[in-house]
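Close look at the chain arrangement
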Amino acid sequence: MSQQNEHLARKMEARHIRMISLGGVIGTGLFLSSGYTIHEAGPLGTILAYLVGAILVYAVMLCLGELSVAMPYTGAFHVYAKQFIGPATGFTVAVLYWLTWTIALGSEFTAAGLIMQTWFPHSPVWLWSLLFIILIFLVNAFSVRLFAESEFWFAAIKVFAIVGFILLGGLAVLGILPIKGYSHAPLFTNIFKDGLFPNGIGGVFTTMLTVNFAFSGTELIGITAGEAKNPDKTIPKAIHTTLWRLVIFFIGSIVIMSCLIPYQQAGVTQSPFVHIFKLMGIPFAADLMNFVVLTAIVSAANSGLYASTRMLWSLGNEGTLPKYFAKTTRAGSPLVALCFSMLGGILALLSSVFAADSVYLILVSISGLAVVLVWMAIVLAEINFRKQFLAKGHSLAELKFKTPYFPILPYFAFGASLLSCLLIYFDKNQRLALYCTIPFVLLCYLGYYLCKPKSR
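Now for a look at the structure at hand.

What follows covers the overall build of the protein. When its secondary structure is counted, the protein shows 17 helices and zero strands. Its C-alpha atoms give the protein principal-axis dimensions of about 75 × 55 × 40 Å. Within the protein, the proportion of its 456 residues that are buried is 55%. Partitioning the intrachain contacts of the protein with sequence separation of at least 6 by distance along the chain shows that 81% fall at a separation of at least 24. Just so you have it, the protein exposes about 19500 Å², and 70% of that area is on carbon and sulfur atoms.

In structure tokens, the structure reads:
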């Protein structure tokens, strides 16, 4: 058997990994859809849902941290699933995660084209989509260092926008800055004036389903492990700092929105960020936020192509897919896997144009639920890893990073993830995800056993 590489070139620093993880999470969900979430669940319900979602994600990331530091492989968690759950599960996790990001690529390129059309109304959307496809492909093709550096700055723009929104919005809430429609400090009146849960407690549970999807992307920390400098130090630091930043950015933004916009008006017509900047009289508010949203979209596409490429490289590297998927350029970029992932993104883009009500709807439904299934696989792999590690006579002191409160925290993470999958059944708008994903997962297992490489 030929010697396998467990990782690609280690060129990512701690600042890159922190920003890549944040960049994968902070997307159009926060900038565009957050107002709709408040409208559905009420202000307090949305805050609670995001808080519980952040705790769940943190628990999953702590499990991933133990695995990533002990075994820093490229394409990490599908390798862990293969080793500690079973090869068919590892294959299924890789396919689900690859599909998630590939479908996202298609929608991101369309969204980027539509935003550019607001500034250049007579230009076709497909032309801008093509330009962004070429840009993102080239950034990923040259080297991991170029990808990491570009993603750092894409994510930084989003972070600066959110911090600015929270600071300026906070001053408006306290009455220090004037805001249209208020002759006094708004304070927290809008959050409580219609009762704690104006649409009923059920709205909170429905929101929790979308919250999990909003936080998807944090697991990119695990994918970067194989290309991180000093992973035993950079990975734990990235996990801890990512959580509190997510809490501040997501919950901070939602508190500001809830204070300044009555929940009945939130998210009905436009981005709550744009709406509040306009109320504060900030010039070019719509253009500024469109630029930030465009950055968020390009950043998500950048991270998505990176993640899906590493999954294909890893499958080729271990022999599940043909070995040419693991070929790299002199700069260490897995070009064959990159081309196939970009092709998948273009096919997703075409299906969103030509089969939006059938093929694309099914793909989106599967990819929405897939991330939570991947989280469950990460947690189960960590539980089995710890048991096997101790059974072989090792001591916990040998682990450079340990998941705290074992086994309570991993079982909580697994149970909460499973519950959020089952709750989908009670939301008629999201029920299709279950109907599509369960058969797809079974098909992945069947496909693995029919096509698995025959051992010598």
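Further remarks concern the side chain of Thr403. Along the chain, Thr403 turns up in the loop between helix H15 (359-391) and helix H16 (408-423). For Thr403, a relative accessible area of 3% corresponds to the buried category. Engagement of the side chain of Thr403 in a polar contact is seen with the side chain of Glu382, the distance being 3.3 Å. Beyond its immediate stretch of four places on either side in the chain, Thr403 contacts Leu62, Cys63, Glu66, Glu382, Arg386, Leu409 and Pro410.

The α-helix advances 3.6 residues per turn, and as a result positions three or four apart in sequence lie on the same side. Between its first and last C-alpha atoms H15 spans 46 Å; for 33 residues at 1.5 Å apiece the expected length is 48 Å, and the two agree. At Ala370, H15 shows its largest bend, some 30°.

Okay, empty space enclosed by the protein next. All chains considered together, the criterion is met by one cavity of 30 Å³ or more. Lining the largest cavity, in full, are Val57, Tyr58, Met61, Thr218, Ile239, Thr242, Leu243 and Leu246. Counting residues per element, the ones that place at least two in the lining of the largest cavity are helix H3 (43-70) and helix H11 (231-260). The element contributing the most residues to the lining of the largest cavity is H11, with four residues. Residues of the lining of the largest cavity, tallied by class, amount to six nonpolar, two polar and no charged.

This part takes up unusual backbone geometry. Note that the residue after Phe406, namely Pro407, is joined by a cis bond; omega there is 5°. Within the secondary structure layout, Pro407 lies in the loop between H15 and H16. In this model, Phe284 sits at a positive phi of 55°, which is unusual for a non-glycine residue. The residue Phe284 is located in the loop between helix H12 (272-279) and helix H13 (285-318) in this model. At Tyr405, a residue that is not glycine, the phi angle is positive and equals roughly 55°.

Interhelical geometry of helix H5 (residues 87-119) versus helix H14 (residues 335-354) gives an angle of 60° and a closest axis separation of 7 Å. Taken together, the axis directions place H5 and H14 in an arrangement best described as oblique. Crossing of H5 against H14: the hand is right-handed. Two secondary-structure elements touch here, H5 through Trp98, Thr102, Ile103, Leu105, Gly106, Phe109 and Thr110 and H14 through Phe340, Ser341, Met342, Gly344, Gly345, Ala348, Leu349 and Ser352. Looking at the contact of H5 with H14 residue by residue, the classes come out as eight nonpolar, seven polar and no charged.

This paragraph deals with a nonpolar patch on the surface. A contiguous nonpolar surface patch, about 760 Å² in accessible area, is contributed by Trp126, Leu127, Leu130, Leu131, Ile134, Leu138, Phe142 and Leu146. The leading source of residues in the nonpolar patch is helix H6 (residues 125-142), at seven residues. Along the chain, Trp126 turns up in helix H6.

With that settled, consider the nonpolar core. Phe31, Phe77, Tyr80, Tyr97, Phe109, Phe215 and Phe250 are the most contacted members of the largest nonpolar core, which has 124 residues in total. For Phe31, the residues in contact, after removing those within four places along its chain, are Ile26, Lys158, Ile162, Ser271, Pro272, Phe273, Met289, Val292, Val293 and Ala296. Grouped together as the second largest cluster of nonpolar side chains are ten residues, Leu96, Tyr360, Leu363 and Ala370 included.

Tallied over the entire structure, the rule returns 14 aromatic pairs. Summarising the aromatic geometry, the rings of Phe84 and Phe385 are spaced 5.4 Å apart at their centres and angled 75° between planes, so their arrangement reads as edge-to-face. Taken together, the residues Phe84 in helix H4 (residues 76-84) and Phe385 in helix H15 connect sequence positions 301 residues apart. For Phe385, a relative accessible area of 7% puts it in the buried group. Arranged with centres 4.8 Å apart and planes meeting at 55°, the rings of Phe325 and Phe340 form a pair that is tilted. Taken together, the residues Phe325 in the loop between H13 and H14 and Phe340 in helix H14 connect sequence positions 15 residues apart. Among the residues examined, Phe325 registers a relative accessible area of 7% and is labelled buried. The class of Phe340 is partly exposed, set by a relative accessible area of 38%. Counting every residue linked through ring pairs, the aromatic cluster contains Tyr50, Phe215 and Phe250.

In this structure the tally under the stated criterion is three salt bridges. We note a salt bridge from Arg386 to Glu66, for which the minimum N-O separation is 2.7 Å. With Arg386 in helix H15 and Glu66 in helix H3, the pair connects residues that are 320 residues apart, well separated along the chain. Taken individually, Arg386 and Glu66 each receive the classification buried, so the pair is uniform in this respect.

Glancing now at the environment of Ala185. Inspection of the secondary structure assignment puts Ala185 in the loop between helix H7 (144-173) and helix H8 (189-192). Exposure remark for Ala185: the relative accessible area of 25% places this residue in the partly exposed category. For the pair formed by Ala185 and Gly86, sequence separation is 99 residues and the distance between their alpha carbons is 58 Å. Those residues within four positions of Ala185 in sequence are excluded, and the remaining contacts are Val173, Leu174 and Gly175.

Parameters at a glance
Residues numbered from 1 in each chain as written. Predicted model: local features only at pLDDT ≥ 70, side-chain atom pairs only at ≥ 80, totals over all residues. Heavy atoms only, no water. Helix = DSSP H or I, 4+ residues; strand = E, 2+ residues; numbered from the N terminus. Buried < 20%, exposed > 50% of the residue type's maximum accessible area, 1.4 Å probe, protein only. Contact = heavy atoms within 4.5 Å. Areas by Shrake-Rupley, 256 points an atom, 1.4 Å probe, with all protein chains shown as cover. Polar contact = N/O pair within 3.5 Å; in protein donor to acceptor, adjacent residues only side chain to side chain. Expected span 1.5 Å × (residues − 1). Bend = angle between axes of the 7 residues up to and from the residue. 1 Å grid on protein atoms, 1.4 Å probe; cavity = no way out; pocket = protein on both sides within 12 Å on 5 of 7 lines; lining within 4 Å. Points joined across faces, edges and corners; volume = space filled by probe spheres on them. Nonpolar A, V, L, I, M, F, W, Y, C, P; charged D, E, K, R; others polar. Axes fitted to C-alpha atoms, helices over the stretch in contact; angles between N-to-C directions. Parallel < 35°, antiparallel > 145°, perpendicular 65-115°, else oblique. Left-handed = near helix turned anticlockwise from the far one by under 90°. Patch = residues over 30% accessible without salt bridge, like charges linked within 9 Å, V, L, I, M, F, W, Y side chains within 5 Å. Salt bridge = Lys/Arg side-chain N within 4 Å of Asp/Glu carboxyl O. Core = buried A, V, L, I, M, F, W, Y, C linked by side-chain atoms within 4.5 Å. Phe/Tyr/Trp six-rings, centres within 6.5 Å; stacked < 30°, edge-to-face > 60°.

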